[in-house]
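Structural overview for review
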Amino acid sequence: EPEVTQTPSHQVTQMGQEVILRCVPISNHLYFYWYRQILGQKVEFLVSFYNNEISEKSEIFDDQFSVERPDGSNFTLKIRSTKLEDSAMYFCASDGLAGGRGETQYFGPGTRLLVL
Amino acid sequence: SQQGEEDPQALSIQEGENATMNCSYKTSINNLQWYRQNSGRGLVHLILIRSNEREKHSGRLRVTLDTSKKSSSLLITASRAADTASYFCATDAITDKLIFGTGTRLQVFP
């Protein structure tokens, strides 16, 4: 069964450093998302991406964050200058085929980011 | 309170018992979904119920939706130790983002 994959599974970085989290969405899906979950808290929406542009972003997704689909398979989240409060589990999700956005978003296993 | 809140926050039961979790939300929705998360792991989609549906079954799972009360419940029948996880509801409204609830931590003792 197709699944969303994410790399790395864990990332430790120093405050102020740039990190890139990578995701390979389900093949043929056209809508891509990033969410994050701070330890012990609820899952929060960051950004949605379709047709090579951001379709919606949350207040969390400030100028320090960016997303990119550099090729036909990868979808990346970049944090330019990490802060301690960026420590969280970051989830990538995808849905939707050529006919339109799907009802179910399929999530990857997550990347646990720790900023020291 | 925020969109999507589950209760109870934590639930402990014995194997074989049924587990019921509730979710409330605030705005109109297109559909409501339940996800499961094992400790520190990814989110696994369990079941989706559309706003025009009232009840849905999938295996040992039964989901109800009451749009007049803006609430949903997830029932896991004949629970197993392997059902131990956190369960989240997520609503899908006008935009394409999912809004997650606070989650219920379920512990099933063998």
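Whatever comes next refers back to the structure up there.
Residues numbered from 1 in each chain as written. Chains lettered and ligands numbered in written order. Predicted model: local features only at pLDDT ≥ 70, side-chain atom pairs only at ≥ 80, totals over all residues. Heavy atoms only, no water.

A few words now on the state of the cysteines. As enumerated under the stated definition, the model contains 2 disulfides over all chains in all. In this model Cys-23 of chain A forms its disulfide with Cys-92 of chain A; the gap between the sulfur atoms is 1.9 Å. Between Cys-23 of chain A and Cys-92 of chain A, the disulfide has an S-S torsion of -60° and is therefore left-handed. With a gap of 69 residues between them, Cys-23 of chain A in strand S3 (residues 19-24) and Cys-92 of chain A in strand S9 (residues 88-95) connect regions that are remote in the sequence. Through a disulfide, Cys-23 of chain B is tied to Cys-89 of chain B; the S-S separation comes to 2.0 Å. The chirality of the disulfide connecting Cys-23 of chain B with Cys-89 of chain B is right-handed, given an S-S dihedral of about 65°. In this pair, Cys-23 of chain B sits in strand S3 (residues 19-24) while Cys-89 of chain B sits in strand S9 (residues 85-92), placing the two residues 66 residues apart along the sequence. (Disulfide = S-S within 2.5 Å. Helix = DSSP H or I, 4+ residues; strand = E, 2+ residues; numbered from the N terminus.)

Let us look at the packing of aromatic side chains. Two aromatic rings, taken as a pair, are described by how far apart their centres are and by the angle between their planes. All names here are of chain A. Counted under the stated rule, the structure contains 14 aromatic pairs over all chains. An angle of 40° between the planes, with centres 5.3 Å apart, marks the rings of Phe-49 and Phe-75 as tilted. Taken together, the positions of Phe-49 in strand S5 (residues 43-50) and Phe-75 in strand S8 (residues 75-79) put the pair 26 residues apart, joining distant regions of the chain. As far as burial versus exposure is concerned, Phe-49 and Phe-75 are alike and both buried. (Phe/Tyr/Trp six-rings, centres within 6.5 Å; stacked < 30°, edge-to-face > 60°. Buried < 20%, exposed > 50% of the residue type's maximum accessible area, 1.4 Å probe, protein only.)

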